[in-house]
Amino acid sequence: MVYTQTYQRAKQEAKDGAGGIQVEELDALVIGSGFGGVYQLKKLRDEGYKVKLVESGTGYGGIWHWSRYPGARVDSHAPHYQFSDPELWKNWHWKQRFPDHNELRAYFEFVADKWDLRKDTYFGTHITAATWDETEHKWIITASNGRVFKATYFLPHCGIAASRLMPNWKGMDSYKGMLLHSSYWPHEQPDLKGKKVAVVGTGSTGVQLSHAVSEMAGELVVFQRTPAMPLRMRQVDYADDEESMPKEELEKFFKDRVEGYWGFDFDFLGKGAFDDDEAERRANYEALYKAGDFTYWLGSYTDLLFTMESNHEAYKFWREKTRARIEDPRLQELLAPEEQPYPFGCKRVPLEQGYFEMFNKPNVDLVDVNHTPIVEVTEKGIRTTEKEFEFDMIILATGFDAVTGSLTSIDIRGLGGLSLKDKFQARGPATFCGIAVAGFPNMFFINGPQSPNGFCNGPTCAELQGDWIADAMNHLRDAGVRSIVADEESEKEWVEHVESIAYASLLPKAKSWYMGDGIPGKPRKSQMYLGGVPNYYSKLKSCASDGYKGFHLQGLKA
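Residues numbered from 1 in each chain as written. Predicted model: local features only at pLDDT ≥ 70, side-chain atom pairs only at ≥ 80, totals over all residues. Heavy atoms only, no water.

1. A look at a negative patch on the surface
The criterion, for reference: Patches in this entry comprise residues that are over 30% relatively accessible and not in a salt bridge; like charges within 9 Å are linked, as are nonpolar side chains (Val, Leu, Ile, Met, Phe, Trp, Tyr) within 5 Å. Throughout, the Shrake-Rupley method with a 1.4 Å probe supplies accessible areas, and for residues the shown protein chains are the sole cover considered. The term salt bridge refers to a pairing of a side-chain nitrogen on Lys or Arg with a carboxyl oxygen on Asp or Glu at a separation within 4 Å. Counting rule for charge: Lys and Arg are taken as positive, Asp and Glu as negative, and neither His nor the chain ends is counted. Where a charge lies is defined by one atom per residue type: Lys uses NZ, Arg uses CZ, Asp uses CG and Glu uses CD. Each helix corresponds to a stretch of at least 4 residues labelled H or I by DSSP, and each strand to a stretch of at least 2 residues labelled E; elements are numbered beginning at the N terminus. Burial status follows relative accessibility: with a 1.4 Å probe on protein chains alone, a residue under 20% of its type maximum counts as buried, one over 50% as exposed, and anything between as partly exposed.
Taken together, the side chains of E488, E489, E493 and E496 define an acidic patch exposed on the protein surface. Along the chain, the position of E489 falls in helix 16 (residues 488-504). On the basis of relative accessibility, which here comes to 44%, the residue E489 falls in the partly exposed class.

2. Some words on the side chain of T460
This is how it is decided: The criterion used for residue contact is that any of the two residues' heavy atoms lie within 4.5 Å.
Looking at the element boundaries, T460 is found in helix 15 (residues 458-479). Judged by its relative accessible area of 2%, T460 falls in the buried class. With residues up to four places along the chain from it excluded, the contact list for T460 reads R257, V258 and G263.

3. Notes on the environment of G159
Mapped onto the elements, G159 comes out in the loop between strand 6 (148-156) and strand 7 (178-181). Look at G159 and you get partly exposed, because its relative accessible area is 25%. Considering only alpha carbons, one finds G159 and V403, 244 residues apart in sequence, at a separation of 6.8 Å. Leaving out residues up to four positions away in the same chain, G159 has contacts with V403 and S406.

4. Re the pairing of strand 9 (residues 219-224)
Heads up, the condition is: Consider the strands pointing away from the viewer: the crossover is right-handed when the path from the first strand over the helix to the second runs clockwise. Strands were regarded as paired on the criterion that DSSP finds at least two bridges between them.
For strand 9, the buried fraction is high: 5 of the 6 residues fall into the buried class. In this view, the connection linking strand 8 (residues 196-200) to its parallel neighbour strand 9 by way of helix 6 (residues 204-214) has right-handed handedness. As paired strands, strand 9 and strand 12 (residues 364-368) are joined by 5 bridges and run parallel to one another. Each bridged residue has a counterpart across the sheet, and for F223 the counterpart in strand 12 is V367.

Here it is as structure tokens:
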């Protein structure tokens, strides 16, 4: 195999002192410095493993290292979006209920200091290939900067939003202004004051970004394909002596967090929408809406995501609230259509702070690309079928090849040279328990395909999955076994289980990254497990307690 040959050559050159290639031998190599990666590094190091973390960027934070655009902030409210380690939360103070990207990077730097992560982290190291050596039961992993690793375990905790999606419009190279993808935002903020700016895309990023840009730009045009259904964020600024929750309550909070369906401390209302009469239903919607967080979406009636009748009730209430904030009838219909365009909550629901009021400003406009599609990018801006718009800056909030893209962008080869990209491309993602793939021994990932990922509070699942991976590694170490690989039949059963839950819901009725939409040639399959964090965690625990049922353990050590 080509990468095994690369490793053998690198090893010989290192031995001979030629070529300058260093091969680093490890128990485990972790990719990614988001919640999953940094937690896994800490956990495995505590368990006595020789482990390193590699990150293509220059700092910790995962998506928050890259997402520096104006308005970027997390929409999981404090204190949810943090680790449960008392050494951390006892000594950290959130300044806002919904921290922005600057505060989130500061938190990761704080974590890196407390956990002493830097000594085992390589920044500026982009992994390009990983191949399983069947003779040695090791992974041979290569980076674009020439580093070569030989590791027993390969842990690509790359996250769900690491592979950017760039449109292939005609003429993009001809544009003379500044063109940016939102997740490649410069560390030094561009001067937007008085500029003519285009924002293409109205997903979570586009919603946050557009409003922030509208506060600075001279003119803003937002290009929309599908209307977003964001909820109003209730932001809170905390004084130095004020906390989102009293410190003495946090220990119990973190224990309870794993019991929430979505990894939060809230859950469904425990009844269907039509178990209440109209007045009771409206009162519940009002209370959930006023909370200013995800509860209107993820803490509502149990049938919200499963029956169109219940979903439409939630949409009608949202539409009423939203249209009241928009002055122009044309924009009301584009942004909150009378006819429901897709099931509420089946595309990612962002939170916003004035997004709809933004369109009441005379310097902000909305282009519906369904009515007037983008034809090309010109030297001066964007041409639609209607006219040419001139811009100083074009910002692409066009999203990602979500969930699988971060894995398939690496040339990962398992047993018999099997390509992970080819396997996923054939029929969509196929995993066992959203944490391993048949044919790829000793490879695990956090927040990967067919795990709760996009429907789980990030730190919650990072800890649950990170602990399980460490326990599995300990099991092999104690048993003297060299490798563990998911069983094909168990993988098939898990895929069918994930798909059955997805298709019992309304998710497939919307085109979204939840279903792998928007990427040419990508099979349409559920990218996540919708059965809830408690059920998912129960499955992982039962697998482990049953001797890692669903896996093959191979290769007794001599």
